[in-house]
Amino acid sequence: MEAFADWFRWLYEVTGINLTYFYDPFDRARMLRGLLLTLWMAGVTIALSIVVGLIGAWLQGSRFRWLRLAVDGFISLFRNTPPLVQIYFFYFGLGYMLPRVPDVSSGQLEPLLSNVQWAIVSLSLFAGAFNIEIFRSGIEAVSRSTVEAAESLGFSRWQTYRDVVLPLAIRTCLPALSNNLVNLIKTTNLAYAIAVPELMYAAKQIWADTTNVPEMMITVLVIYVAIATLFAWGMTRLERWLKVPGFGTGA
Amino acid sequence: MARTHAETGSPAGAAAFLLVPNGPLRAGIDARAVIAVALVFLASTAVGAATATEGTRSALEVIWTWSPLLLWGFLFNLFISAAAMLIGTAAGVPLGVLQTSDLGPVRWLAWLVTQFFRNSPWLVLLFLCVFLIPYRFTVLGYTVLLPDWSKAILGFALPVMANVSEIVRGAIQSVPTGQWESSASLGFNRRQTLAQIILPQCYKRMLPPWMNLYSLITMSTVNASVVGVSEMITLTNEVLAAEGSRPALLAPLYGFALVCFFLYCYPIARWTQALERRFNVRG
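Quick summary incoming for the structure in this document.

The rules behind the values
- Residues numbered from 1 in each chain as written.
- Chains lettered and ligands numbered in written order.
- Predicted model: local features only at pLDDT ≥ 70, side-chain atom pairs only at ≥ 80, totals over all residues.
- Heavy atoms only, no water.
- Helix = DSSP H or I, 4+ residues; strand = E, 2+ residues; numbered from the N terminus.
- Contact = heavy atoms within 4.5 Å.
- Areas by Shrake-Rupley, 256 points an atom, 1.4 Å probe, with all protein chains shown as cover.
- Rg over C-alpha atoms; globule rule 2.2 N^0.38 Å.
- Buried < 20%, exposed > 50% of the residue type's maximum accessible area, 1.4 Å probe, protein only.
- Buried area = accessible area lost by both parts, 1.4 Å probe.
- Nonpolar A, V, L, I, M, F, W, Y, C, P; charged D, E, K, R; others polar.
- Polar contact = N/O pair within 3.5 Å; in protein donor to acceptor, adjacent residues only side chain to side chain.
- Axes fitted to C-alpha atoms, helices over the stretch in contact; angles between N-to-C directions.
- Parallel < 35°, antiparallel > 145°, perpendicular 65-115°, else oblique.
- Left-handed = near helix turned anticlockwise from the far one by under 90°.
- Pairing = 2+ DSSP bridges.
- Phe/Tyr/Trp six-rings, centres within 6.5 Å; stacked < 30°, edge-to-face > 60°.
- Salt bridge = Lys/Arg side-chain N within 4 Å of Asp/Glu carboxyl O.
- Expected span 1.5 Å × (residues − 1).
- Patch = residues over 30% accessible without salt bridge, like charges linked within 9 Å, V, L, I, M, F, W, Y side chains within 5 Å.

**Describing the overall build of chain B**
Inference 1: Of regular secondary structure, chain B possesses ten helices and two strands.
Inference 2: If you list the helices and strands of chain B from N to C, you get α-α-α-α-α-β-β-α-α-α-α-α.
Inference 3: Long-range contacts, defined here as pairs at least 24 residues apart, represent 73% of the contacts in chain B between residues at least 6 apart.
Inference 4: With the model as given, the accessible surface of chain B reaches about 14,000 Å², and the carbon-plus-sulfur share is 67%.

Printed below as a string of C-alpha cells:
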C-alpha cells in the first residue's frame, strides 16, 4: 500500500500529474465520501423515480378525469423546465416555506429537509416524470385482449395491473427506462449547485486546495463514465434475463 | 386527422408543414398545462406576498421591475443553446456518419468518442471546457480573448455532438439495406450513396429526436450559472441579492425562470410529439 502511494508521489514529482487522492489520506477520504454519496443518491433517486413512474402511470389509467389531468400537468411541468431550476425552486423556495423542526440531537431548529434530501426529492420527481411516460407507453403496448382475458378471469383492476400488465409492460419499456436512468445518474451531479458534497463537489474541494484541476476533472469524468457504462451494461443483462420467449427478435 | 398538402410528400409541402402549424398541430398547445403552470407560479408568489413585511415590495412588483433584465438573460440562454446546437450538429453529423464507416478502426474510434461524451454528465463537460480552456490564445501575434460564455457554448456543444452522432447513426441504420445495394448496382459509390440517397431519407427520422435534444440543451444552459456565465439564473441570483436577499422572493423568482423555460420548451415538446406521430403514421 505504501509503495502504491509512493509511486503516485513519484509520478507527481516526475511528470507533474498530481493524483492526490492516491497518496494523501485526507483527500482519499474526501473523494471516497463524495463517490459514496453520488452512488447512494443515484440508488435512492433511481428507486424513488421508478416508484413515481409506477404510481403516475397507474393514476393515468384512472377513471377520474381530474386525476389524469393532474398527472399530465405534472409530467409537462417537470419535463419542460430545467432540472437545475427545479432543484433551486425546491431547495431555496419550498425549503424556506416549510416549517423548521427541532433537531433530534442538538434541539436546535433545523430545516425539515437537508440539501441532500431536497436534491433527492427534486431529481426523483424530474426523472419520475419521464418514467411515467415510459411506463405508460409500455402499458399501452400490452394488448387489449390480454387485459380482457385477465378481467374475465376475475382479476380486479389492481390485480390485473400488478400481475399481468406491469410484468409485460416493464419488459417492453426496459430500453427506454435504462436510457432515462443513465441520464438520471448523470444528472445527480446537479446537486453540486446546492452544495451537496457529492463526487463533483469533493473533486472541486481537492482542486481548490492543490490546484490540480485537469487531473481531478478527468478523474471525475472517468468515474462518471464508468458508473454509467456499468449501469447500462447491468440493464442490458437484466433485459436479457427478463426476456419473454416469442416477443421481439428473440435472443 | 386533417389531410394537408404536407402529406403529399413534396419537399415544398413538407417545408410548409414545418413552418405553419396546421393539422394535428392545431391541438398542439394545451391550455390546461399552461394554466397549471400559471397556478403553481401564482401560488408561490401569493405565499411570497403573504410573508412580505411592511415597507418591502411584493414579489410580483419585484419581478415586474426586473423582468427586462431577467428576460434579457433568458434570451442569452436561447443564444447559448442555439450556438451549441449549431456547433454540436456540425460536428455530430460527420461523427455519426463515421460511426457507420466500413473501415473498422474509424468506426470504432467514432463509436468510442460518441459513447464517452454521451455518458459523461453535462455539468462535468461544462466545467471541463470553462476551466481547462485558457481564456486567451495568442495566434500569429494576435491575442484572442475567450469569454466564459464562448467556452460554455463549447461545453454544451460536446454532448450535443455525441447525441447528434447517435441520432445520425440510428437514422442511417434504419434505412433498409436494400437501398445501399440498389444504389451500388446503379453505380453510385459509397459517398454518393450516402449523400444523395441515404441521408435525404434520414432527415425526417432525425428531426423529432433532434428537436428533443434542442429542448434538453436549452434547459441545460442554466447550468452555466454554476460557472458564472451571466445567463438568466445568474441574473436571478443577482436580483435576489439586489433586493436584500429576502427569502420570500426565492420561490417567486425561481418560479419566474421555470415559467419562462416552460413557455418556451412546452410548445417545442408538443410540436415534436406531433411530428413523431405524423412520421410514425406515414413511415
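Now that the structure has been shown, the text picks up again.
**Considerations on the overall build of chain A**
Inference 1: Secondary structure summary: chain A contains ten helices and two strands in total.
Inference 2: The helix and strand sequence of chain A, counted from the amino end, reads α-α-α-α-α-β-β-α-α-α-α-α.
Inference 3: Relative to a compact globule of 251 residues, whose C-alpha radius of gyration would be 18 Å, chain A shows 23 Å and is clearly more extended.
Inference 4: For chain A, the spread of C-alpha atoms along the three principal axes comes to 75 × 50 × 35 Å.
Inference 5: Here chain A, with 251 residues, has 44% of them falling under the buried criterion.
Inference 6: Considering only contacts within chain A whose residues lie at least 6 apart along the sequence, 70% involve residues at least 24 apart.
Inference 7: Only carbon and sulfur atoms are counted for the fraction: they give 65% of the accessible area of chain A, which is about 12,900 Å².

**Concerning the interface of chain B and chain A**
Inference 1: On the chain A side, the residues contacting the 40 residues of chain B number 35 residues.
Inference 2: Together chain B and chain A conceal approximately 3,500 Å² of surface at their shared face, both sides included; 80% is due to carbon and sulfur atoms.
Inference 3: Mapped onto the side of chain B that touches chain A, the elements with two or more residues apiece are helix 2 (31-51), helix 4 (104-119), helix 5 (122-132) and helix 10 (250-282) of chain B.
Inference 4: Per-element accounting of the side of chain B that touches chain A gives the leading share, twelve residues, to helix 10 of chain B.
Inference 5: Each residue belonging to the side of chain B that touches chain A can be placed in one class, and the counts come to 30 nonpolar, eight polar and two charged.

**Focus on the side chain of B:T114**
Residue and element names in this part refer to chain B.
Inference 1: Tracing the chain through its elements places T114 in helix 4.
Inference 2: Taking relative accessible area as the criterion, T114 reaches 0% and is therefore assigned buried.
Inference 3: Polar side-chain contacts of T114 include one of 2.9 Å to the side chain of S165.
Inference 4: In this structure, T114 is in contact with L95, Q99, A162, S165 and E166, ignoring residues within four places of it in sequence.

**Focus: the packing of helix 5 of chain B against helix 6 (residues 148-174) of chain B**
When two helices pack together, their arrangement is given by the angle between their axes and by how far apart the axes lie.
Residues and elements named next belong to chain B.
Inference 1: Contact geometry of helix 5 with helix 6 gives a least axis separation of 8 Å together with a crossing angle of 135°. Here helix 5 lies oblique to helix 6, going by the angle between them. Pair helix 5 / helix 6 crosses with right-handed handedness. Counted together, W122, L125, L126, C129 and V130 of helix 5 and D148, K151, A152, L154, G155, F156, L158, P159 and N163 of helix 6 form the full contact between these two elements.
Inference 2: Its residues assigned to classes, the contact of helix 5 with helix 6 shows ten nonpolar, two polar and two charged.

**A look at the pairing of strand 1 (residues 136-139) of chain B**
Residues and elements named next belong to chain B.
Inference 1: Sheet topology places strand 1 next to strand 2 (residues 142-145); four bridges connect them, and they run antiparallel. Within strand 2, the residue paired with T138 across the bridge is T143.
Inference 2: The turn joining strand 1 and strand 2, which pair antiparallel and follow one another in sequence, is formed by two residues; a positive phi near 50° is taken by L140.

**Observations concerning the packing of aromatic side chains**
Inference 1: Evaluated as defined, the whole model comprises 27 aromatic pairs over all chains.
Inference 2: Between A:Y21 and A:F22, the aromatic rings sit 4.8 Å apart at their centres with planes inclined by 45°, giving tilted as the arrangement.
Inference 3: In this structure an aromatic cluster arises from ring pairing among A:Y192, A:Y201, A:W207, B:F127 and B:F131.

**Notes on the packing of helix 4 of chain B against helix 6 of chain B**
Residues and elements named next belong to chain B.
Inference 1: In contact at an axis separation of 8 Å, helix 4 and helix 6 are set at 125° when each is read in the N-to-C sense. If you check the angle between helix 4 and helix 6, you find them oblique. By crossing handedness, the relation of helix 4 to helix 6 is classed as left-handed. Across the interface between the two elements, V113, T114, Q115, F117 and R118 of helix 4 pack against L158, P159, M161, A162, N163, S165 and E166 of helix 6.

**What about the pattern of salt bridges?**
Inference 1: Evaluated as defined, the whole model comprises ten salt bridges over all chains.
Inference 2: B:D102 is paired through a salt bridge with B:R190; the nearest N and O atoms lie 3.8 Å apart. Taken together, the positions of B:D102 in the loop between helix 3 (59-98) and helix 4 and B:R190 in helix 8 (residues 190-220) put the pair 88 residues apart, joining distant regions of the chain.
Inference 3: The partly exposed category is assigned to B:R190, whose relative accessible area is 35%.
Inference 4: Look at the salt bridges and you will find they share partners, linking A:R79, A:E133, A:R136 and A:E140 into a network.

**Considerations on helix 6 (residues 115-141) of chain A**
Inference 1: For helix 6 of chain A, with 27 residues, the first-to-last C-alpha span of 39 Å sits near the 39 Å given by 1.5 Å per residue.
Inference 2: Of all 27 residues making up helix 6 of chain A, 19 are buried, and the element is well covered by its neighbours.

**Let's talk about helix 4 of chain B**
Inference 1: Helix length check: helix 4 of chain B (16 residues) gives 22 Å between terminal C-alpha atoms against 22 Å at 1.5 Å per residue, within 8%.
Inference 2: Taken residue by residue, helix 4 of chain B has B:A110, B:T114, B:Q115, B:F117 and B:N119 as its buried positions.
Inference 3: Buried-residue contacts for helix 4 of chain B involve helix 8 (157-187) and helix 10 (213-242) of chain A together with helix 3, helix 5 and helix 6 of chain B.

**What to know about the side chain of A:Q60**
Inference 1: Locating A:Q60 in the fold gives a position in helix 3 (residues 25-60).
Inference 2: Once residues lying within four places of it in the same chain are set aside, the contact partners of A:Q60 are A:R68, A:V71, A:D72, A:I75, A:I132 and A:R136.

**Describing the environment of A:E140**
Residue and element names in this part refer to chain A.
Inference 1: For E140, the position within the fold is in helix 6.
Inference 2: For E140, a relative accessible area of 58% corresponds to the exposed category.
Inference 3: Separated by 29 residues in the primary sequence, E140 and A169 place their C-alpha atoms 7.9 Å from one another.

**Overview of a nonpolar patch on the surface**
Residues and elements named next belong to chain B.
Inference 1: Together, F137, V139, L140, Y142 and V144 make up an exposed nonpolar region whose accessible area comes to about 560 Å².
Inference 2: Sorting the residues of the nonpolar patch by element identifies strand 1 and strand 2 as the ones contributing at least two each.
Inference 3: In this structure, Y142 sits in strand 2.
Inference 4: The exposed category is assigned to Y142, whose relative accessible area is 64%.

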